[in-house]
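What follows is the residue order along each chain.
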Amino acid sequence: MTDPVVLPAAAVHPIDPNHAGGGVAIRDGRFVGVGSVDELRAAWPEAVVDERYADAVLLPGFVEAHSHSLAGGFWLHTYVGYHDRRDPQGRLWPGCRSIDSVVDRLREAERTLSDPEAPLVAWGLDPIYFPGERLVARHLDRVSTTRPILVMHASIHLATVNGELMRRQRIDADTLAEGVPRDGVGEPIGELQEMAAMALAGDAFFEVFRGLADPIGIEHYGSLARDVGITTLADLGAGLGSDETVAMWQDTVGAPEFPARVSVFHNPAFDPGGSPEAVGDLVVRRRAQSTDKLRFGGVKLVLDGSIQGYTARVSEPYLGNRPNGLWLIPPEQVADRIRPVLAAGLLLHVHCNGDEAVEVFVDGFAQALADHPQADHRATVQHCQLTRPEQFARMRELGLCANLFSNHLWYWGDQHVELTVGPQR
């Protein structure tokens, strides 16, 4: 055991205000004391005093309970979102606040590509902010009619592609997949809703998700966390079926310079084809590969889509009588997907944006919990944006947690009132 180090600070604000002070003591990588510098030196006379934070304010590391490593991987591509964003290197990217500004930024990015066959990939699109028409293929055709283009929406539940990409991938009037909106004569407009439809985009779609298995994308993820004071991250949805991917996570997060601990949840959608039982067995094996900085052992299921993308499942119609959203797991399969997770004692988080999705999940969870009773499962409903009071009551009875997507009120509140679900909801 090494000698402690006392770090004086301008102020220290721990979670418990009764333990505030002017410094901290650290030994072997852990905090062992908070208080005045005199108190800390009296408790550890042998301590070394390190003045590096003497003019700083020290706070506990923040926990991000629902994030995606794609937040780092996306910066391998071009940002076209509505809000100003700062990338992992510190560059400020102004928001694109109109369709024309999106097209202009894509034109700039297209000019930097030397390979004429390489797809142009961008991300962060927020079409719900644009008044009037929605960005579709004919807008992207103004950028290029010879290069495939894919623009991922901010929700990650939709993408918009250009005509050349649809031509190469044969996305046309004969395409039968769900999530391919059409114009008045039955032709696809260039919007692809949810994973099954987006996967029709082929190489361009898989290029978007390259960051899930790219060490640079994971390093960017850690940098974004560090820049806002987050020291523990939950990545709610990665594919952990590949030993190579797991080794990449271990090497990247395990590096001394990586600035956070990460809890990585397995999303079976990224490793399709396995049975629910196989998913449970896989995550149990991965759990044994956890380290001090990297934790496995959670499962993430996604039941529905995005409210602002009109793909969430809601019990009342969207404004304008738009059709209801998409089921990403058929309701009749939900209980079967949950049972192996509970049987293995794994942590379960489930994406439910619409209240119809919450109803289906709670029903399925109740069935699975009856087969595998647990007093402290801590299964969590993610988002809960339209969850009704009686549904919260049922969730409490079942011991379910709720992670409320409160930042939607800030970013999309006005749009939800005026465009998606109306003022009452």
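About the cut-offs
- Residues numbered from 1 in each chain as written.
- Predicted model: local features only at pLDDT ≥ 70, side-chain atom pairs only at ≥ 80, totals over all residues.
- Heavy atoms only, no water.
- Helix = DSSP H or I, 4+ residues; strand = E, 2+ residues; numbered from the N terminus.
- Rg over C-alpha atoms; globule rule 2.2 N^0.38 Å.
- Buried < 20%, exposed > 50% of the residue type's maximum accessible area, 1.4 Å probe, protein only.
- Areas by Shrake-Rupley, 256 points an atom, 1.4 Å probe, with all protein chains shown as cover.
- Lys, Arg positive; Asp, Glu negative; His and termini not counted.
- Charge placed at Lys NZ, Arg CZ, Asp CG, Glu CD.
- 1 Å grid on protein atoms, 1.4 Å probe; cavity = no way out; pocket = protein on both sides within 12 Å on 5 of 7 lines; lining within 4 Å.
- Points joined across faces, edges and corners; volume = space filled by probe spheres on them.
- Nonpolar A, V, L, I, M, F, W, Y, C, P; charged D, E, K, R; others polar.
- Disulfide = S-S within 2.5 Å.
- Pairing = 2+ DSSP bridges.
- Axes fitted to C-alpha atoms, helices over the stretch in contact; angles between N-to-C directions.
- Core = buried A, V, L, I, M, F, W, Y, C linked by side-chain atoms within 4.5 Å.
- Contact = heavy atoms within 4.5 Å.
- Salt bridge = Lys/Arg side-chain N within 4 Å of Asp/Glu carboxyl O.
- Expected span 1.5 Å × (residues − 1).
- Arc of directions from axis to C-beta.
- Patch = residues over 30% accessible without salt bridge, like charges linked within 9 Å, V, L, I, M, F, W, Y side chains within 5 Å.
- Phe/Tyr/Trp six-rings, centres within 6.5 Å; stacked < 30°, edge-to-face > 60°.
- Lys NZ or Arg CZ within 6 Å of the ring centre and 35° of its normal.

Asker: For this particular structure, what's the right way to read the overall build of the chain?
Answerer: A count of helical and extended segments in the chain gives 14 helices and 19 strands. On C-alpha atoms alone, the chain measures out to a radius of gyration of 24 Å, which is about the 22 Å that the 2.2 N^0.38 rule sets for 425 residues. Considered along the principal axes of its C-alpha atoms, the chain spans approximately 80 × 55 × 45 Å. Relative to its full complement of 425 residues, the chain shows a buried share of 49%. Total accessible area on the chain is roughly 20500 Å²; 52% of this is exposed by carbon and sulfur atoms. Computed over 37 positive and 57 negative side-chain charges, the inter-centroid distance for the chain is 1 Å.

Asker: Just checking my understanding: could you explain empty space enclosed by the protein for this structure?
Answerer: To locate leftover empty space, one rolls a probe as large as a water molecule over the atoms. Throughout the structure, instances matching the rule amount to 1 cavity of 30 Å³ or more. Taken together, Leu-125, Asp-126, Pro-127, Ile-128, Arg-134, His-153, Ser-155, Leu-158, Ser-306, Gln-308 and Gly-309 make up the lining of the largest cavity. The residue makeup of the lining of the largest cavity, split by class, is 4 nonpolar, 5 polar and 2 charged.

Asker: Help me understand the state of the cysteines, please; the structure alone is not making it clear to me.
Answerer: By definition, a disulfide links two cysteine residues through a covalent bond between their sulfur atoms. For the coordinates displayed, the defined rule picks out 0 disulfides. Summary of cysteine pairing: Cys-401 is not part of a disulfide, and the nearest cysteine sulfur, belonging to Cys-384, is at 10 Å. Residue Cys-401 is classed as partly exposed on the basis of its relative accessible area of 32%.

Asker: Help me out: how do you make sense of the pairing of strand S11 (residues 149-153) in this one?
Answerer: Consecutive side chains of a regular strand alternate in pointing toward one face of the sheet and then the other. Within S11, 5 of the 5 residues are buried, leaving the element largely enclosed by the surrounding structure. Across the two faces of S11 the burial is the same, with Ile-149, Val-151 and His-153 and Leu-150 and Met-152 all buried. Across 5 bridges, strand S10 (residues 120-125) lies against S11 in parallel orientation. Pairing of Leu-120 across the sheet is with Ile-149, part of S11.

Asker: Please clarify how the sheet that holds strand S14 (residues 230-238) should be interpreted in this entry.
Answerer: Across the sheet, 7 strands lie side by side as S6-S14-S15-S16-S17-S18-S19; this open sheet has parallel pairing. The open sheet terminates on both sides in strands that have one partner only, identified here as strand S6 (62-67) and strand S19 (401-404). When strand polarity is set aside, the average angle formed by the axes of neighbouring strands in this sheet is 25°. Two strands pair when backbone bridges link them, and S6 and S14 are joined in this way by 4 bridges, in the parallel orientation. The partner of Phe-62 across the bridge, within S14, is Ile-230.

Asker: What am I meant to see in the nonpolar core here?
Answerer: Among soluble globular proteins, nonpolar side chains are generally buried collectively. Membership of the largest hydrophobic core comes to 28 residues, with the highest contact counts inside it found for Leu-303, Ile-338, Leu-348, Phe-361 and Phe-365. Those elements that provide at least two residues to this core are helix H10 (276-287), strand S16 (294-302), helix H11 (334-343), strand S17 (347-352) and helix H12 (355-371). The contact partners of Leu-348, leaving out residues within four places of it in the chain, are Val-299, Leu-301, Ile-338, Val-341, Phe-361, Phe-365, Arg-378, Ala-379 and Thr-380. With 26 residues, the next largest nonpolar core counts Leu-70, Ala-201, Phe-205 and Phe-209 among its residues.

Asker: What is the right way to look at the sheet that holds S11 in this model?
Answerer: Two orientations exist for strands paired in a sheet by backbone hydrogen bonds: parallel and antiparallel. A sheet is described by the order of its strands in space; here 5 strands give the open sequence S7-S10-S11-S12-S13, paired in mixed fashion. Strands with a single pairing partner mark the edges of an open sheet, and in this sheet they are strand S7 (78-79) and strand S13 (191-193). Sitting on the sheet, helix H3 (residues 99-111) is in contact with S7, S10 and S11, with an inclination near 150° to S10.

Asker: I keep staring at the pattern of salt bridges and nothing clicks. Help me out?
Answerer: Side-chain pairs of opposite charge can arise whenever the charged atoms involved come near each other. The final tally for this structure, using the stated rule, is 24 salt bridges. In this structure, Asp-243 and Arg-286 form a salt bridge, with 3.0 Å as the shortest nitrogen-oxygen distance. Residue Asp-243 is found in helix H9 (residues 243-254), and its partner Arg-286 is found in helix H10; the two are separated by 43 residues along the sequence. Residue classification places Asp-243 among the exposed residues on the basis of a relative accessible area of 53%. Within this structure, Asp-355, Glu-359, Asp-363, Arg-388, Glu-390 and Arg-394 form a network of salt bridges that share partners.

Asker: Is there a simple way to explain H3 in this structure?
Answerer: Think of an α-helix as turning once every 3.6 residues; residues three or four places apart then point the same way. The first and last C-alpha atoms of H3 sit 19 Å apart over 13 residues, in line with the 18 Å expected at 1.5 Å per residue. For H3, the set of buried residues is Ile-99, Val-102, Val-103, Arg-105, Leu-106, Ala-109 and Glu-110. Mapping the buried residues of H3 onto a view down its axis gives an arc of 165°, with all of them on the same face. For H3, the secondary structure elements touched by its buried residues are S7, strand S9 (92-93), S10, helix H4 (137-140) and S11.

Asker: Can you walk me through the layout of surface pockets in this structure?
Answerer: Volume-wise, the second largest pocket comes out at about 980 Å³. For the lining of the second largest pocket, the elements supplying multiple residues, two or more each, are strand S1 (5-12), strand S2 (21-27), strand S3 (30-35), strand S5 (57-58) and S14. Per-element accounting of the lining of the second largest pocket gives the leading share, 3 residues, to S3. Of the residues contributing to the lining of the second largest pocket, the split by class is 17 nonpolar, 6 polar and 3 charged.

Asker: Looking at this model, I keep getting lost on a negative patch on the surface. Mind explaining?
Answerer: The grouping of Asp-172, Asp-174, Asp-183 and Glu-187 at the surface amounts to a negative patch. Position of Asp-183 relative to the elements: it lies in the loop between helix H5 (163-169) and S13. By relative accessible area, Asp-183 is classed as partly exposed at 35%.

Asker: Please explain the packing of aromatic side chains as it appears in this structure.
Answerer: Any pair of aromatic rings gets described here by the distance separating the centres and the angle formed by the planes. Under the counting rule described, the total for this entry stands at 12 aromatic pairs. Each ring, one from Phe-361 and one from Phe-365, has its centre 5.6 Å from the other, and the planes form 45°; the classification is tilted. Here Phe-361 pairs with Phe-365, and both are found in helix H12, just 4 residues apart, close to one helical turn. Accessibility classification places Phe-361 together with Phe-365 in one group, the buried group. When the ring of Tyr-411 is compared with that of Trp-412, the centres are 6.0 Å apart and the planes differ by 55°; the resulting orientation is tilted. With relative accessibility at 10%, the residue Trp-412 sits in the buried group. Joined through ring pairs, the aromatic side chains of Phe-74, Trp-75, Tyr-79, Trp-93 and Trp-123 make up one cluster. Sitting above the plane of the Tyr-82 ring, Arg-97 keeps its charged end 5.4 Å from the centroid. Geometry around Tyr-310 places Arg-322 over its ring, the cationic atom sitting 3.7 Å from the centre.

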